[in-house]
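What follows is the residue order along each chain.
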Amino acid sequence: MARCPKELLLRWLQFGCFTPLWQSHGRFQQEAWTYDAQTLDLYRDYLVLHERLVPYVRAAAATAARSGLPIIRPLCLVDPADKRAWCLRDQYAFGPAFWVAPVLDQGARERRVELPRGEWIDYWTHERVRGGRELLAAAPLGRIPLWVRSGSIVVTHPAEHVVAGLGDHPEAERPLEATLWGEPQLGSAGVRLADGTRIRWHRGEWSVDRDREVKLAVL
């Protein structure tokens, strides 16, 4: 019985992780547990990451509702003055902080990426990279090329909270983690969540304007 090849399934899951709605429907037997241990482990890892990103995605969705700025953003929308912006069709910003470069070619274990201008941090290795140029990114089977804009605050749910099941807890009662990636150029950074909670970092000091359980970290 024909079904999705393992490599295609994994690349699809990696791409889906960095979209608002992650689905992998099919008419054939292609549940992760019908492949092998590696597929199941990677499926679980990306599923947990996608669910951890719910606060980040909901904040980006609230921004879309207020301003019309979509969650998935082409470079021509992020930086229209960049001459490369109008030619990129297979890379995108996911919300305000992430730059995503899905792997589209069978057998590829690296790919060329046009990184937007500014300073970026490799999500997997935490290496700092200057943007505004093309680079060759490693893309082993289990990894999608992914960067975080330096100076960004990314708000997630803790992994242990997701693994235990989100349950029926109201959004405002769920624990959060706020991570500052790199240093903001002007000494401060902030985010506004979908429920209106504001989290801010200013010259080494954090502030949260509501009584919420938030773990704070700087990378």
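What you are looking at is a predicted structure, and each value in this text was computed from that prediction instead of being measured.

Colleague: I'm lost on the packing of helix H1 (residues 6-17) against helix H2 (residues 37-52) in this one. Help?
Modeller: Helix packing for two helices is described by the angle between their axes and how far apart those axes are. Viewed as axis vectors pointing N to C, H1 and H2 meet at an angle of 10°, and their least axial separation amounts to 9 Å. Overall, the two elements H1 and H2 adopt an arrangement that is roughly parallel. Along its contact with H1, which presents Lys6, Leu9, Leu10, Leu13, Gln14, Gly16 and Cys17, the element H2 presents Gln38, Thr39, Leu42, Tyr43, Tyr46, Leu49 and His50. Taken together, the residues of the contact of H1 with H2 break down into eight nonpolar, five polar and one charged.

Colleague: Please clarify how empty space enclosed by the protein should be interpreted in this entry.
Modeller: Sizing a probe to match a water molecule and rolling it over the atoms shows the empty space that remains. Enumeration according to the criterion identifies one cavity of 30 Å³ or more in this entry. Considering only enclosed or pocket space, the largest cavity measures out at about 50 Å³ in volume. If you trace the largest cavity, you find it lined by Pro55, Arg58, Glu171, Leu176, Leu193, Ala194, Asp195 and Arg212. In terms of residue class, the lining of the largest cavity is built from four nonpolar, no polar and four charged.

Colleague: What is the right way to read the packing of aromatic side chains from this model?
Modeller: The geometry of two aromatic rings is summed up by the distance between their centres and the angle between their planes. One pass over the full model with this rule turns up eleven aromatic pairs. Summarising the aromatic geometry, the rings of Phe18 and Phe98 are spaced 6.1 Å apart at their centres and angled 55° between planes, so their arrangement reads as tilted. A residue pair is termed long-range when its members are at least 10 positions apart, and Phe18 in the loop between H1 and H2 and Phe98 in strand S3 (residues 98-100) qualify at 80 residues. In terms of burial, Phe18 and Phe98 fall into one category: buried. Pairing Tyr123 with Trp124 gives two aromatic rings, centres 4.9 Å apart and planes at 85°, and the pair type is edge-to-face. Take Trp124: its relative accessible area is 32%, and that puts it in the partly exposed class.

Colleague: Whenever I open this one, the pattern of salt bridges confuses me. Can you help?
Modeller: A side chain of one charge can pair with a side chain of the opposite charge when the charged atoms of the two come close. Inspection of the entire model under this criterion finds twelve salt bridges. With a shortest N-O distance of 3.2 Å, Asp41 and Arg44 are connected by a salt bridge. With Asp41 and Arg44 both in helix H2 and three residues apart, the pair spans about one turn of that helix. Using a relative accessible area of 38% as the deciding quantity, one classes Asp41 as partly exposed. Classification of Arg44 by relative accessible area gives partly exposed; the value is 43%. Connected through shared salt-bridge partners, Asp82, Arg84 and Glu114 make up one network.

Colleague: Help me understand H1, please; the structure alone is not making it clear to me.
Modeller: In an α-helix, one full turn covers 3.6 residues, which means residues spaced three or four apart are oriented alike. Compared with the 16 Å implied by 1.5 Å per residue over twelve residues, the 17 Å span of H1 between its first and last C-alpha is a close match. Buried residues of H1: Glu7, Leu9, Leu10, Arg11, Leu13, Gln14, Gly16 and Cys17, and no others. In this fold, the buried residues of H1 make contact with H2.

Colleague: Could you clarify how one ought to interpret the side chain of Glu114 in this entry?
Modeller: Within the secondary structure, Glu114 sits in strand S4 (residues 110-115). A polar atom in the side chain of Glu114 sits 2.8 Å from the side chain of Arg84. Once you skip the residues sitting within four places of it in the chain, Glu114 turns out to touch Arg84, Leu88, Gln91, Trp99, Arg133 and Glu134.

Colleague: Please explain the environment of Glu127 as it appears in this structure.
Modeller: Here Glu127 shows up in the loop between strand S5 (119-122) and strand S6 (128-130). Owing to a relative accessible area of 48%, Glu127 belongs among the partly exposed residues under this scheme. For the pair Glu127 and Trp147, spaced 20 residues apart in sequence, the C-alpha separation works out to 9.4 Å. With residues up to four places along the chain from it excluded, the contact list for Glu127 reads Trp120, Ile121 and Asp122.

Colleague: What am I meant to see in the pairing of strand S13 (residues 205-208) here?
Modeller: On a regular strand, one side chain projects to one face of the sheet and the next to the other, so that they alternate. Relative to S13, strand S12 (residues 198-202) runs antiparallel, the two being bridged by four bridges. Each bridged residue has a counterpart across the sheet, and for Arg200 the counterpart in S13 is Ser207.

The rules behind these values
Residue numbers run consecutively from 1 along every chain, following the written order of its sequence. Residues qualify for local features only when their pLDDT is at least 70, as the model is predicted, and side-chain atom pairs are given and counted only at 80 or more; totals for whole chains, interfaces and linings, by contrast, use all residues. Side-chain metrics in this entry use all non-hydrogen atoms of the structure; hydrogen atoms and water are not considered. Angular values range over 0 to 180 degrees, each being the angle between N-to-C directions of two axes fitted as lines to C-alpha atoms, with helices fitted over their stretch in contact. Here a helix means four or more residues in a row that DSSP labels H or I, a strand means two or more in a row labelled E, and each is numbered from the N terminus. The labels follow the angle: roughly parallel below 35 degrees, roughly antiparallel above 145, roughly perpendicular from 65 to 115, and oblique for the rest. The contact rule is simple, with two residues in contact once any of their heavy atoms fall within 4.5 Å. Nonpolar residues are Ala, Val, Leu, Ile, Met, Phe, Trp, Tyr, Cys and Pro. Charged residues are Asp, Glu, Lys and Arg, and all others, Gly as well, are polar. Whether a set of points on the 1 Å grid over the protein atoms alone is a cavity depends on a 1.4 Å probe fitting there but being unable to get out, while an open set qualifies as a pocket with protein on both sides within 12 Å along at least five of seven lines; lining residues are those with an atom within 4 Å of a point. Grid points are joined across faces, edges and corners, and a volume is the space filled by probe spheres set on the points. Two rings from Phe, Tyr or Trp (for Trp, the six-membered ring) form a pair when their centres sit within 6.5 Å of each other. Planes less than 30 degrees apart are called stacked, planes more than 60 degrees apart edge-to-face, and all others tilted. Think of it in three bands: with a 1.4 Å probe and only protein chains considered, a residue is buried below 20% of the maximum accessible area for its type, exposed above 50%, and partly exposed in between. Salt bridges are defined as contacts in which a side-chain nitrogen from Lys or Arg sits within 4 Å of a carboxyl oxygen from Asp or Glu. One less than the residue count of a helix, multiplied by 1.5 Å, gives the span that helix is expected to have. Here a polar contact means two N or O atoms within 3.5 Å. Within protein one must be a hydrogen donor candidate and the other an acceptor candidate, and residues neighboring in sequence count only if both atoms are side-chain atoms. We call two strands paired when DSSP finds no fewer than two bridges between them.

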